[in-house]
Amino acid sequence: MNQKAIIFLADGMADEPLAELNGKTPLEAAHTPGMDEIARRGENGTFLTLPDGLPTSSDVANMSVLGFDPERNYPGRGPIEAMAQGIELAPDDVAWRCNLVYVSGDGVLRDYSSGHISPEDAAILMRDLQEKFGSDEVTFHTGVSYRNLLVLHGKRFSSAINYFKPDSSQDIAVAELPLTPKDDSAEARDTIAFLNDLGAKCAAFLQSHSVNRGKTSPANAIWPWSPGRVPKFPPFNLLYPGRSAAIISAVDVIKGIGRCGKMDVIDVPGATGFLDTNYAGKVEAALKAIETHDLVYLHVEAIDECSHLGDLKLKLQAIEDFDAKIVVPVLRALQDRNVNFAVLPDHPVPIKLRCHTTTPVPLAICGNCAKCDQVDAFSEKLAPQGTLGFLGGTQLVKKLLNL
Ligand SMILES: [Zn+2]
């Protein structure tokens, strides 16, 4: 029988020592018996998830953890999320992530999420944008909350555009965050001019929209970023011959990576990507999926969101919730089964910086794939002292599945 494994992926969990925690990181300060058990029972090390020269984003990082080689295969965030939504991209289409953002009256990008706009309000705005500005050349697609999509159709458009990631660009003047061409093609220049014009029209329309009335962080602008064309990924069961995998996440970008890699994407009702997510539903889905798959990738987004908010108290709570409501129940339910486990973040989001950094992440694995080293808790500081060493590429999944 094939070896089974579960990866617990805590988005954005790694951090740096903080004076207000007496020099501890949030992960060290939080009460995390589940993750500590994996570290204590098994082996610890680090994993390079964000290679040089690529965006420092969750899609790249999660591709790395799964071994999908982003340096070779990264298509851009837009196409990954289009896959997640089941949007068929034609060869000439360029798909963009399109945040609904808040820009203050003085022209500064204040909130990449429009105050974590509700999915219902966001759906109304995206529908109305499509009605008003949709055409043969542009389509607006509703995602979840502020995470939406824009697809440009036709040969006149290019994906060779540099952009600024909105969650890393808060409190900066929009004028300092322009789209710029990556090459000197007419298509790249034309695409930028088209989007600048569209963006101005959308902002004028959103500014007076009834959904935005009375809000402190109204969704009064669109923010197109990470464009790309239809993805070409190696399927999981070819990359890891004959092995099957399921992926569980609230957010489109992670589901999209699963779809690109032909993994089974499991939707959990009430999974929100924030602190109010349906933890019990995700655990139930993971326990069910492990019966019929070799690998289950269980992703939780909330910690990343709390880190971007710069809210230490929320981050600590999100880490403790992840441990108590995800890791512990799964470990307990499967304690008598031959299942390997791994826990890791996809990248750090230091609460002081409120953006992703490329420091290799701590990793702990346990089960029959792991020896037992001397590390007795899961943390950024202790993991590099373990015997697992520094992993990358397909090494983690191969190890977990005994390949
Ligand atoms: Zn992430």
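Residues numbered from 1 in each chain as written. Predicted model: local features only at pLDDT ≥ 70, side-chain atom pairs only at ≥ 80, totals over all residues.

K.L.:
Would you mind showing me how to read the overall build of the protein here?
P.N.:
From N to C terminus, the protein includes 13 helices and 16 strands. Residues counted as buried form 52% of the 403 residues belonging to the protein. Partitioning the intrachain contacts of the protein with sequence separation of at least 6 by distance along the chain shows that 71% fall at a separation of at least 24. (Helix = DSSP H or I, 4+ residues; strand = E, 2+ residues; numbered from the N terminus. Buried ≥ 20, exposed ≤ 12 C-beta atoms within 10 Å, placed from the backbone. Contact = placed C-beta atoms within 7 Å.)

K.L.:
Explain the domain arrangement of the protein here, please?
P.N.:
One frequent convention defines the size of an interface as the accessible area lost when the parts assemble. Examined at the domain level, the protein breaks down into domain 1 (4-74 + 232-400) and domain 2 (81-228). Look at where the C-alpha atoms of domain 1 and domain 2 centre, and you get two points 29 Å apart. Across the boundary between the two partners, domain 1 contributes 13 residues, which contact 12 residues of domain 2. For the side of domain 1 that touches domain 2, the element with the most residues is helix H9 (residues 252-260), which contributes 6 residues. (Domains from an automatic or database assignment.)

K.L.:
Could you clarify how one ought to interpret the environment of Gly45 in this entry?
P.N.:
Counting through the fold element by element, Gly45 comes out in strand S2 (residues 43-47). Assessed through the 24 C-beta atoms surrounding it within 10 Å, Gly45 is described here as buried. For Gly45 and Leu363, which are 318 residues apart along the polypeptide, the C-alpha to C-alpha distance reads 5.2 Å. Contacts of Gly45, omitting those with residues within four sequence positions, involve Leu363, Ala383, Gly386, Leu388, Gly389, Phe390 and Leu391.

K.L.:
Would you mind going over the sheet that holds strand S16 (residues 389-391) with me for this structure?
P.N.:
What holds strands together in a sheet is hydrogen bonding between their backbones, with the strands either parallel or antiparallel. One open sheet holds the 8 strands; their spatial order is S12-S11-S13-S1-S14-S15-S2-S16, and the pairing between them is mixed. Every interior strand has two partners, whereas the edge strands, strand S12 (264-266) and S16, have only one. This sheet shows a mean twist of 25 degrees between the axes of neighbouring strands, independent of strand direction. Of the pairings in the sheet, the one linking S2 to S16 comprises 3 bridges and is parallel in character. The residue bridging Thr46 from the neighbouring strand is Phe390, located in S16. The sheet contacts of helix H2 (residues 33-41) involve S2, strand S14 (339-344) and strand S15 (361-366), and relative to S15 the element is tilted by about 70 degrees. (Pairing = 2+ DSSP bridges. Axes fitted to C-alpha atoms, helices over the stretch in contact; angles between N-to-C directions.)

K.L.:
Can you walk me through helix H5 (residues 77-84) in this structure?
P.N.:
Structural remark: α-helix, 3.6 residues per turn; residues separated by three or four positions point the same way. The buried fraction of H5 amounts to 8 of the 8 residues, a majority that puts the element mostly inside the structure. Residues of H5 that are buried include every one of Arg77, Gly78, Pro79, Ile80, Glu81, Ala82, Met83 and Ala84, and no others. Of the surrounding secondary structure, the elements contacted by the buried residues of H5 are helix H3 (58-66), strand S3 (94-103), strand S5 (138-144), strand S6 (147-152), strand S10 (221-228) and H9. Phi for Gly86, located one or two positions after H5, is positive at around 75 degrees.

K.L.:
Is there a simple way to explain the nonpolar core in this structure?
P.N.:
Considering soluble globular proteins, one finds that nonpolar side chains tend to be buried as a cluster. Membership of the largest hydrophobic core comes to 120 residues, with the highest contact counts inside it found for Ile6, Phe8, Phe341 and Ala342. The biggest single contributor to this core is S3, with 8 residues. Each of domain 1 (4-74 + 232-400) and domain 2 (81-228) contributes no fewer than three residues to this core. Residues contacting Ile6, with those up to four places away along its chain left out, are Ala286, Ile290, Val296, Leu298, Val330, Val339 and Phe341. (Core = buried A, V, L, I, M, F, W, Y, C linked by C-beta atoms within 7 Å.)

K.L.:
So what exactly am I meant to see when it comes to the packing of H5 against H9 here?
P.N.:
The angle between the axes and the distance between the axes are what describe a pair of packed helices. Between H5 and H9, the shortest axis-to-axis distance is 7 Å and the interhelical angle comes to 80 degrees. The angle between H5 and H9 places the two elements in the roughly perpendicular class. Here H5 contributes Arg77, Ile80, Glu81, Met83 and Ala84 to the contact with H9, which in turn contributes Asp252, Val253, Lys255, Gly256, Ile257, Arg259 and Cys260. (Parallel < 35°, antiparallel > 145°, perpendicular 65-115°, else oblique.)

K.L.:
Teacher, can you tell me more about the pairing of strand S13 (residues 295-300) here?
P.N.:
Consecutive residues of a regular strand have side chains that alternate between opposite faces of the sheet. The buried fraction of S13 amounts to 6 of the 6 residues, a majority that puts the element mostly inside the structure. A two-sided burial pattern is seen for S13, the buried positions comprising Leu295, Tyr297 and His299 on one face and Val296, Leu298 and Val300 on the other. Direction of pairing for strand S11 (residues 245-248) relative to S13: parallel, over a ladder of 4 bridges. The residue bridging Ala245 from the neighbouring strand is Leu295, located in S13.

K.L.:
Honestly, unusual backbone geometry in this entry has me stumped. Any pointers?
P.N.:
If a residue is not glycine, its phi is most likely negative; likewise, a peptide bond is most likely trans. Even without being glycine, Ser226 reaches a positive phi, approximately 45 degrees. Its place among the elements puts Ser226 in strand S10. Unlike most non-glycine residues, Arg354 shows phi in positive territory, near 60 degrees. Considering the arrangement of structural elements, one finds Arg354 in the loop between S14 and S15.

K.L.:
When you look at the packing of helix H10 (residues 279-292) against helix H12 (residues 312-333) in this model, what are you seeing that I'm missing?
P.N.:
Close contact between H10 and H12 brings their axes to 10 Å; oriented N to C, the two are set at 30 degrees. With respect to H12, the element H10 is oriented roughly parallel. Viewed along their axes, H10 and H12 form a crossing whose handedness is right-handed. Contacts between H10 and H12 pair Tyr279, Lys282, Val283, Ala286 and Leu287 from the former with Asp321, Lys325, Ile326, Pro329, Val330 and Ala333 from the latter. When the residues that make up the contact of H10 with H12 are grouped by side-chain class, the tally is 8 nonpolar, no polar and 3 charged. (Left-handed = near helix turned anticlockwise from the far one by under 90°. Nonpolar A, V, L, I, M, F, W, Y, C, P; charged D, E, K, R; others polar.)

K.L.:
Can you walk me through the environment of Asp376 in this structure?
P.N.:
Inspection of the secondary structure assignment puts Asp376 in the loop between S15 and S16. Using a count of 12 C-beta atoms within 10 Å as the deciding quantity, one classes Asp376 as exposed. Taking the C-alpha atoms as reference points, Asp376 and Ala39, 337 residues apart in sequence, are found 5.9 Å from one another. Not counting the four nearest positions on each side in its chain, Asp376 is found in contact with Ala39 and Arg40.

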